[in-house]
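Structure assessment
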Amino acid sequence: MSDTTQVEPAETRDTAYEPQVLALICERSVPIAELVDAESRLRDASNVFVLRFPCSGMIKPALAQLALEEGWDGVLVVGCAVGDCHFREGNLFARERFRGDRAPNKFRRMDQRRVALLWRAIPEGDRFLETVREFNAQLVELGPNVRNDDGKAARRR
Amino acid sequence: MSLQPIDSVARDDLYEPRSPYRRFLRQITIAQVRLERWLNELVSYEQNPFYFHGAIPTFVFWMLVLSGLGLLFYYKPTVNESYESLQYLGIVPFGGAIRSSHRYTADIMLIAVYLHILRVYITDRHRDYRIVPWLTGVGLLSLVYIAGISGYLLCGDERAWGLTYQIRAALRSVPLLGTGLDTFFLGGREISDFTVVRFLFFHIAAASLIFWMLWMHLLRIRRPFLVVTMGIGAAVIGLTLMVSGLWPALSFAPVANPLDPPAGYALGDWVFLPGFILLSLPAIGPTLFWGVTLVFFGLLLAVPYLLRDTRKNIAQVVRDKCVGCQLCAIDCPYAAIQMVPVWNERKNKPDLLAVVYPPRCSECGVCVGSCDFDAIELGSMPYARLEEMVRDLAPRRDAAAAEAAGD
Ligand code: HEM
Ligand code: SF4
Ligand code: SF4
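Residues numbered from 1 in each chain as written. Chains lettered and ligands numbered in written order. Predicted model: local features only at pLDDT ≥ 70, side-chain atom pairs only at ≥ 80, totals over all residues. Heavy atoms only, no water.

**A short note on the overall build of chain A**
Helices and strands together make up the secondary structure of chain A, namely 4 helices and 5 strands. Along chain A, helices (α) and strands (β) appear in the sequence β-α-β-β-α-β-α-β-α when read from the amino end. Looking at chain A as a whole, 64% of its 157 residues are labelled buried. Taking all contacts inside chain A whose residues are at least 6 apart in sequence as the whole, residues at least 24 apart take part in 75%. When the accessible surface of chain A is summed, it comes to about 5,900 Å², and 43% of that surface belongs to carbon and sulfur atoms. (Helix = DSSP H or I, 4+ residues; strand = E, 2+ residues; numbered from the N terminus. Buried < 20%, exposed > 50% of the residue type's maximum accessible area, 1.4 Å probe, protein only. Contact = heavy atoms within 4.5 Å. Areas by Shrake-Rupley, 256 points an atom, 1.4 Å probe, with all protein chains shown as cover.)

Structure representation (structure tokens):
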């Protein structure tokens, strides 16, 4: 898990596999309403479902963990620029919780490579989509989220 | 019905603002965020002065208190000696530097406070549950003005007594109370040494009240950002020293007669005294002066009431689930949650229960993120547990994936 994902773009890769990504997004960061379609998927990347929150401080690691267990291949957590939370501390707390520095956190049971934190402001829709593409590429590299017999994702580490 | 995008809570019109004023606020917010992001690229988010909008005035205020204490050692509050005692600072080692920096940090503080007001206004951080910080902020602004203007009065030079003349004229023009205000202002019917002592009292009282008002300002703000970074602090100190070196703060000529009208003002006086500089123009009388001042502060007080949100997402505690762990009360950025003891019959001892004070709640959901027991929710959360939302999405995702594979 990192604040921004950095992956070289892949030229040749198995295009049959499309990772399913759940994006948990603060409504005051990137302009979600402009970016999603009627199904609440990103227009530019239909494999990304968007769930909207009033503040990234409402997103707890347990949610991301559950999403991975529910079979999502990756989870994106998006908040405003660090230092500029509308509610003063929300994105700082989100970052601390996901790093394991603040309660409640269950992040040690998550596959960190499948969770990315992103800090993007309102006018940065394009930069956001760029990072989504990089994250997708990283997930393609990782391959599908392994599931157990009961359909749940294996817990790693 | 398709949910788009899937909301964890139903919200007011953040994306399609209905009223023109709301749309205007949204537009200037975006412009400001763009500016701040650009600055982030230059100085990194950790050093971005915009993110220290409240800490910078606080820091500058501490600088003022320190340099003011330095001046207090030499200042003599009498009509005849105040001027001389400040001139004497020119001989004392660093005396001139301390005087200049006291003068210019005051200017910097006022400018920093205005930038702070502009930022909280532009980024829509000025209304509803922030009403206490805003209203006490207007109090702080008036105290900063009182401290600044009375600081000018202490110098005992032409400018100080000219300003006294103007203030007296303005006070006397107040109906009914006029003479009383004048006497209160002078500490007697005539200008005497008591007058200068009174000016010193105004100056120090206003500065002390700033501490008290600042405490109220931050009452509802958890963990306020009060400390600037080394970089920003060095920049502020550097700026002060640079301006002090280039244009040392000096007195005007000694006054011939304390009852004379102002002889003129310097360029730098526009920061604190624009009202009085304009008032010295023949065309502007005390009525206009008072009118503009009252309208300005009236508008400041009215601004937060121009726009109000419907409150549908105030946090609610589920009493049976709350275990009293206090995490939400610690995390709430606006101090909206109190832990109260509740008698537990079974254990025969009190338990703690989280209680939300609705007017303080910003509907941010940070407490939902803090609670590991799903014991706190926002008003319009579609599910008691956010987890259920994520669970519900999985079939939708699989259907979409199957469809994509079928194509
Ligand atoms: C002596 C002058 C002032 C000082 C030292 C000061 C300082 C501060 C500080 C330290 C904060 C907390 C910032 C944070 O942690 O997020 C704050 C918040 C705030 N201030 Fe001031 N302030 C001053 C004057 C004013 C004035 C004149 C106004 C408006 C009329 C104002 C309005 C506000 C508001 C609305 C907030 C809340 C912002 C938020 O919730 O994000 N302040 N101030
Ligand atoms: S975090 Fe949850 S359980 Fe803990 S005090 Fe708050 S509401 Fe109660
Ligand atoms: S939603 Fe929760 S954390 Fe946010 S202000 Fe209200 S009580 Fe505090």
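**A closer look at the packing of helix H2 (residues 61–69) of chain A against helix H14 (residues 386–406) of chain B**
Relative placement of two packed helices is described by the angle separating their axes and the distance separating the axes. Viewed as axis vectors pointing N to C, H2(A) and H14(B) meet at an angle of 25°, and their least axial separation amounts to 10 Å. As the angle between them shows, H2(A) and H14(B) are arranged roughly parallel. For the pair H2(A) and H14(B), the crossing hand works out as right-handed. Between H2(A) and H14(B), the contacting residues are Ala62(A), Leu63(A), Leu66(A) and Ala67(A) on the first element and Leu386(B), Glu387(B), Val390(B) and Arg391(B) on the second. (Axes fitted to C-alpha atoms, helices over the stretch in contact; angles between N-to-C directions. Parallel < 35°, antiparallel > 145°, perpendicular 65-115°, else oblique. Left-handed = near helix turned anticlockwise from the far one by under 90°.)

**A look at the packing of aromatic side chains**
Counted under the stated rule, the structure contains 15 aromatic pairs over all chains. Both rings, one in Tyr145(B) and one in Phe272(B), keep their centres 6.0 Å apart while their planes meet at 90°; by these two values the pair is edge-to-face. Taken together, the residues Tyr145(B) in helix H5 (residues 131–153) and Phe272(B) in the loop between helix H9 (230–246) and helix H10 (274–279) connect sequence positions 127 residues apart. In terms of burial, Tyr145(B) and Phe272(B) fall into one category: buried. The cationic tip of Arg360(B) hangs over the ring face of Tyr357(B); the distance from NZ or CZ to the ring centre is 5.5 Å. Seen from the ring of Trp72(A), Arg397(B) lies directly overhead, with NZ or CZ sitting 4.6 Å from the centre. (Phe/Tyr/Trp six-rings, centres within 6.5 Å; stacked < 30°, edge-to-face > 60°. Lys NZ or Arg CZ within 6 Å of the ring centre and 35° of its normal.)

**Some points on the coordination of the iron atom of ligand 1**
Residue and element names in this part refer to chain B. Donor atoms from the polypeptide that bind the iron atom of ligand 1 are His116 (NE2) and His217 (NE2), placed at 2.0 Å. Seen from the iron atom of ligand 1, its 6 donor atoms lie at angles of 86 to 179°, and the figure they make is octahedral. Of this pair, His116 sits in helix H4 (residues 95–122) while His217 sits in helix H8 (residues 193–217), and the two are 101 residues apart along the sequence. Of the two residues, His116 and His217, both sit in the buried class. (Donors = N, O, S within 2.8 Å, 3.2 Å for Na, K, Ca; no water. Tetrahedral: all angles 85-135°; square planar, octahedral: opposite > 155°, others 65-115°.)

**Focus: the pairing of strand S1 (residues 21–26) of chain A**
Within a regular strand, the side chains alternate between the two sheet faces. All names here are of chain A. Most of S1 is tucked away, with 6 of its 6 residues classed as buried. The two faces of S1 match: Val21, Ala23 and Ile25 on one face and Leu22, Leu24 and Cys26 on the other face are all buried. Where S1 and strand S3 (residues 45–53) come together, 6 bridges link them in parallel fashion. Among the inter-strand pairings, Val21 is bridged to a residue of S3, identified as Val48. (Pairing = 2+ DSSP bridges.)

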